Amino acid sequence: MESKGSWTVADAVDYKGQPADKSKTGGWITAALILGIEIVERLSTMGIAVNLVTYLMETMHLPSSTSANIVTDFMGTSFLLCLLGGFLADSFLGRYKTIAIFSSIQALGTGALAIATKLPELRPPTCHHGEVCTPPTAFQMTILYISLYLIALGTGGLKSSVSGFGSDQFDDNDPKEKAHMAFFFNRFFFFISMGTLMAVTVLVYMQDEVGRSWAYGICTVSMVTAIVVFLCGTKSYRYKKSQGSPVVQIFQVIAAAFRKRKMEMPQSIVYLYEDNPEGMRIEHTDQFRMLDKAAIVAEGDFEQTVDGVAIPNPWKLSSVTKVEEVKMMVRLLPIWATTIIFWTTYAQMITFSVEQASTMRRNIGSFKIPAGSLTVFFVAAILITLAVYDRAIMPFWKKWKGKPGFSSLQRIGIGLVLSTAGMAAAALVEQKRISVAKTSTNKTLPISVFLLVPQFFLVGSGEAFIYTGQLDFFITQSPKGMKTMSTGLFLTTLSLGFFVSSFLVSVVKRVTATSMDGGWLADNINQGRLDYFYLLLVILSGVNFVVYVICALWFKPTKGKDSVEMEKGKSFSVEDC
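What counts, and at which threshold
Residues numbered from 1 in each chain as written. Predicted model: local features only at pLDDT ≥ 70, side-chain atom pairs only at ≥ 80, totals over all residues. Heavy atoms only, no water. UniProt positions renumbered as here; feature names shortened; annotations may be inferred. 1 Å grid on protein atoms, 1.4 Å probe; cavity = no way out; pocket = protein on both sides within 12 Å on 5 of 7 lines; lining within 4 Å. Points joined across faces, edges and corners; volume = space filled by probe spheres on them. Helix = DSSP H or I, 4+ residues; strand = E, 2+ residues; numbered from the N terminus. Domains from an automatic or database assignment. Pairing = 2+ DSSP bridges. Disulfide = S-S within 2.5 Å. Polar contact = N/O pair within 3.5 Å; in protein donor to acceptor, adjacent residues only side chain to side chain. Salt bridge = Lys/Arg side-chain N within 4 Å of Asp/Glu carboxyl O. Buried < 20%, exposed > 50% of the residue type's maximum accessible area, 1.4 Å probe, protein only. Phe/Tyr/Trp six-rings, centres within 6.5 Å; stacked < 30°, edge-to-face > 60°. Lys NZ or Arg CZ within 6 Å of the ring centre and 35° of its normal.

- Under an unreviewed UniProt entry, the name given to the protein chain is Protein NRT1/ PTR FAMILY 6.2, and the source organism is Noccaea caerulescens.
- The record held by UniProt for the protein chain lists under Sequence similarities (unreviewed entry) the comment "Belongs to the major facilitator superfamily. Proton-dependent oligopeptide transporter (POT/PTR) (TC 2.A.17) family."

## Here's the deal with empty space enclosed by the protein
Reasoning step 1: Under the defined criterion, the tally for this structure stands at 2 cavities of 30 Å³ or more.
Reasoning step 2: Considering the residues around the largest cavity, the lining is formed by 24 residues, among which R42, T196, Y346, I382 and E463 are closest to the centre.
Reasoning step 3: Elements represented by at least two residues in the lining of the largest cavity include exactly helix 1 (28-58), helix 2 (64-118), helix 5 (175-209), helix 9 (340-349), helix 11 (376-401) and helix 13 (453-476).
Reasoning step 4: No other element matches helix 5, which puts 5 residues into the lining of the largest cavity.
Reasoning step 5: There are two domains that each give the lining of the largest cavity at least three residues, and those are domain 1 (10-242) and domain 3 (323-559).
Reasoning step 6: In this structure, the second largest cavity spans a volume of roughly 30 Å³.

## Let's talk about the pairing of strand 1 (residues 8-13)
Regular strands place side chains that alternate from one sheet face to the opposite one.
Reasoning step 1: Note: strand 1 against strand 2 (residues 19-21), 3 bridges, orientation antiparallel. What sits directly across from T8, in strand 2, is D21.
Reasoning step 2: Connecting strand 1 to the next strand, strand 2, in antiparallel fashion are 5 residues, including G17 with a positive phi near 90°.

## As for the state of the cysteines
Reasoning step 1: Counted according to the given criterion, the structure contains 1 disulfide.
Reasoning step 2: Sulfur-sulfur distance for the disulfide between C127 and C133 comes to 2.0 Å. One quick way to see it: the torsion about the S-S bond of C127 and C133 is about -70°, and its sign makes the bridge left-handed.

## With respect to the side chain of R433
Reasoning step 1: One can find R433 in helix 12 (residues 408-437).
Reasoning step 2: Within the structure, R433 has its side chain in polar contact with the side chain of T359 (distance 3.0 Å).

## Re the pattern of salt bridges
Reasoning step 1: The full count for this structure, using the stated rule, is 15 salt bridges.
Reasoning step 2: E38 is the partner of K159 in a salt bridge, and the nearest nitrogen-oxygen pair spans 3.5 Å. Placement of the pair is K159 in helix 3 (residues 138-159) and E38 in helix 1, with a sequence separation of 121 residues.
Reasoning step 3: A salt bridge links R433 to E430; the nearest nitrogen and oxygen atoms lie 2.8 Å apart. One end of the pair is R433 and the other is E430, both in helix 12 and 3 residues apart, which spans about a single turn.
Reasoning step 4: Under the relative-accessibility criterion, R433 is labelled buried at 0%.
Reasoning step 5: Classification of E430 by relative accessible area gives buried; the value is 0%.
Reasoning step 6: Beyond isolated ion pairs, a larger network of salt bridges with shared partners links D286, R289, D292, E324, K327 and R331.

## Quick notes on the environment of I282
Reasoning step 1: Mapped onto the fold, I282 is located in the loop between helix 7 (246-259) and strand 3 (302-304).
Reasoning step 2: Taking the C-alpha atoms as reference, I282 lies 7.8 Å from E325; in sequence the two are 43 residues apart.

## A look at the packing of aromatic side chains
Reasoning step 1: Summed over all chains, the structure comprises 34 aromatic pairs.
Reasoning step 2: An angle of 0° between the planes, with centres 6.2 Å apart, marks the rings of F79 and F498 as stacked. A residue pair is termed long-range when its members are at least 10 positions apart, and F79 in helix 2 and F498 in helix 14 (residues 483-512) qualify at 419 residues.
Reasoning step 3: Taking relative accessible area as the criterion, F79 reaches 6% and is therefore assigned buried.
Reasoning step 4: On the basis of relative accessibility, which here comes to 0%, the residue F498 falls in the buried class.
Reasoning step 5: Here the aromatic rings of Y467 and F490 are separated by 5.2 Å at their centres, their planes lie at 90°, and the arrangement is edge-to-face. With Y467 in helix 13 and F490 in helix 14, this residue pair connects regions lying 23 residues apart in the sequence.
Reasoning step 6: Using a relative accessible area of 1% as the deciding quantity, one classes F490 as buried.
Reasoning step 7: One aromatic cluster in this structure is built from F79, F342, W343, Y346, F378, Y467, F473, F474, F490, F498 and F555.
Reasoning step 8: Across the ring face of F258, the terminal group of R261 is positioned such that the distance to the ring centre comes to 4.1 Å.

Below you can see the structure in the form of structure tokens.
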């Protein structure tokens, strides 16, 4: 696999386009330079997202439901744009250029947000408790939206390439470097979690006590610094050539199958077209038989090259292995669809739960906890759950069941159960909070904010299970050449979860609001029934879990060349996007 006495990497080149020299390119140093970009991205995006709802309500004077939807739309768009970033990296730009371009876009967005929160002309006049507040102008909201969606665009492009480019710095065919790559991904998740932890503590505190413009300015300077450091490694990186977008292959199989939809299937699958070597083939399956017609050999399927060699037209004829690869992606869809609701409940942790916290007593002695910093319990739950799973559950499970831990589908199921329990706890706490609000005239209610800890902890623990489970599942159960795409597919569950949250909030607001009051999601959270909304999510999550179990029992993993890639995929999967 390697040449020149194993000193060069066969599938990687240096910045000049020559075979990458192991002694001069790749390794831990270059991977660390790439990791810095992702840490700063997490610091910026999460630092903005978890405390944005308080800015929209208190400074921009927007209603509660509108503020929540702006945050969820922002986060949903960030994850959805991972697909765009992945497509550009795979088909045109490559990972290095994609990271450089989109990190610059994010720096531009955070810089614009720092200016938007600094200049008085870009926000409405200050409004005191009990006064009628002036809403923001269209111009002020336009500047805010431009800033936020520049950040979303930058985040989407970055997340699609950072971890993949980091893995490119290690030779998968060298046992020593392969072990380093697995270690890199384990530490990758840890460091981005620490970046998130800094965001919800230090950065949120700065926003509330020092000034948002200062906090966002620090994010901008940090990203510019990270970009400069990243570019300094240009001559030391290993680069891998783009193999094209797998989306094209999927459309080719569908087009070929549709073209031959009226043809009869041969009596035996041995008559279907296959051009892959024996060891590289995927075993034929009986599911989605309509796609098998793409592998039927028909007249006109082959074209002559200038050398007189007959080759198949990929839009007319696909091999059995290519058809099975598309089937593998189709099999992911039911699991994909039933994990969306988790991220809808997750969205409540950075929107309505922060609004709840802003009305409650948050003092520890003379220190007042910023409302957005309550998400520190969410991040802590993730870190604690991962540590307990790694140090206690996995060894116990291996000793009892002979397996190294829960399967990916089991982890997803556990995550769904925990998130449902988290919403139930949130509903109970909100009922208590509302009862106190009805008897109090103070802006800060005489009820401890620490009552919110259970909902943060349960949903946070759920994320630890479902995030790792989804990544493992989508990577190991997808074709090797479509792993970047499958990771993007996973991230669309986050995106759609946020958009579903926005949709539910809009529908509930419209259905429950009357001329007399604001309904469940009133502009003033103390006058609404947020607990009913949480109970609705509990019901939806419960129904979704039943459907998920059915889909998990239906799912059958594919046997073939990618089966041997499963353990490799686990190390590659951690936060791939």
